[in-house]
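# What the coordinates show
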Amino acid sequence: MSKLIRELPMGDYVVTLHELANGDLQSKLSSASQGPLLEIHKLAENGHLRVKELELGSAYLKVEHLALLLTLIGAGDEMLEEINNLNSLSLDHDSNDSNDDITD
């Protein structure tokens with residue numbers, strides 16, 4: 001059994017947050033017209049994420065929806081930290097490339 005913690009309607013979409021019997025958190029994005037689209041679990045035992053695509057084929061997903069799914073299960077800050085790490089690596093790489101251009 002799962003316990004519904006939050007339900008957030010967003011036009012055609014709804015985002016729900018459940019706490020599962022084993023302690024995992026589950027956020028789910030569903031569409032009234034397309035049905036269930038994406039489910040993200042944060043595993044209680046190790047904090048890893050498990051992503052399940054629920055729509056056969058493909059579906060459109062806004063970045064806002066993905067951010068909300070991750071934030072609801074408590075992974076938003078971790079995701080921001082990783083994005084910042086990647087951005088700093090990208091900036092380091094870009095500055096190295098521009099230095100190469102100057103010396104050529």
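Model, not experiment: these values are computed from the prediction.

Basis of the calculations
- Residues numbered from 1 in each chain as written.
- Predicted model: local features only at pLDDT ≥ 70, side-chain atom pairs only at ≥ 80, totals over all residues.
- Heavy atoms only, no water.
- Helix = DSSP H or I, 4+ residues; strand = E, 2+ residues; numbered from the N terminus.
- Buried < 20%, exposed > 50% of the residue type's maximum accessible area, 1.4 Å probe, protein only.
- Contact = heavy atoms within 4.5 Å.
- Core = buried A, V, L, I, M, F, W, Y, C linked by side-chain atoms within 4.5 Å.
- Salt bridge = Lys/Arg side-chain N within 4 Å of Asp/Glu carboxyl O.
- pLDDT = per-residue confidence, 0-100.
- Pairing = 2+ DSSP bridges.
- Axes fitted to C-alpha atoms, helices over the stretch in contact; angles between N-to-C directions.

Let's shift gears to the overall build of the protein chain. Along the protein chain, the regular secondary structure elements total two helices and five strands. From first element to last, N terminus to C terminus, the protein chain shows the α and β order β-β-β-β-β-α-α. Residues counted as buried form 24% of the 104 residues belonging to the protein chain. Sequence separation of 24 or more characterises 27% of the internal contacts of the protein chain that already satisfy a separation of 6 or more.

In this section: the nonpolar core. Counting residues in each nonpolar core, the largest one holds 13 residues, and the members touching the most others are Val15, Leu29, Ile40, Leu69, Leu72 and Ile73. Those elements that place two or more of their residues in this core are β2 (13-20), β4 (35-42) and α1 (63-72). Ranked by residues supplied to this core, first place goes to α1 with four residues. Discounting residues that sit within four places of it in the chain, Val15 has contacts with Arg6, Glu7, Leu8, Met10, Lys28, Leu29, Leu68, Leu69 and Leu72.

Here we come to the pattern of salt bridges. This structure, assessed with the given rule, holds two salt bridges. Across the salt bridge formed by Lys52 and Glu39, the nearest N and O atoms sit 3.6 Å from each other. Of this pair, Lys52 sits in strand β5 (residues 49-53) while Glu39 is found in strand β4, placing the two residues 13 residues apart along the sequence. Judged by its relative accessible area of 34%, Lys52 falls in the partly exposed class. Relative accessible area serves as the criterion here: at 6%, Glu39 is assigned to the buried category.

So, on to the confidence of the model for the protein chain. Fine structural detail should not be taken from predicted coordinates in areas where pLDDT scores are low. Of all residues in the protein chain, 85% have pLDDT values of 70 or greater, and the mean over the chain is 86. Put simply, helix α2 (residues 76-103) is where the protein chain has its lowest mean pLDDT, 74, and β2 is where it has its highest, 96. Contacts of residues 100-104 to residues separated by more than four positions or lying in other chains number zero contacts, the stretch itself having pLDDT below 50.

Before going further, it helps to spend a moment on the sheet that holds β5. The pairing of strands in a sheet happens through backbone hydrogen bonds and is either parallel or antiparallel. Strand order in this open sheet of five strands is β1-β2-β3-β4-β5, and the pairing throughout is antiparallel. In the strand order of this sheet, the two ends are held by β1 (2-10) and β5, each with one partner. Geometrically, the sheet is characterised by an average inter-axis angle of 15° between neighbouring strands, direction not taken into account. Sheet analysis places strand β3 (residues 25-31) next to β4, joined by seven bridges and oriented antiparallel. Opposite Leu25, over in β4, you have Lys42 as the bridge partner. Relative to β1, α1 is tilted by about 155°, and along the sheet it contacts β1, β2, β3, β4 and β5.

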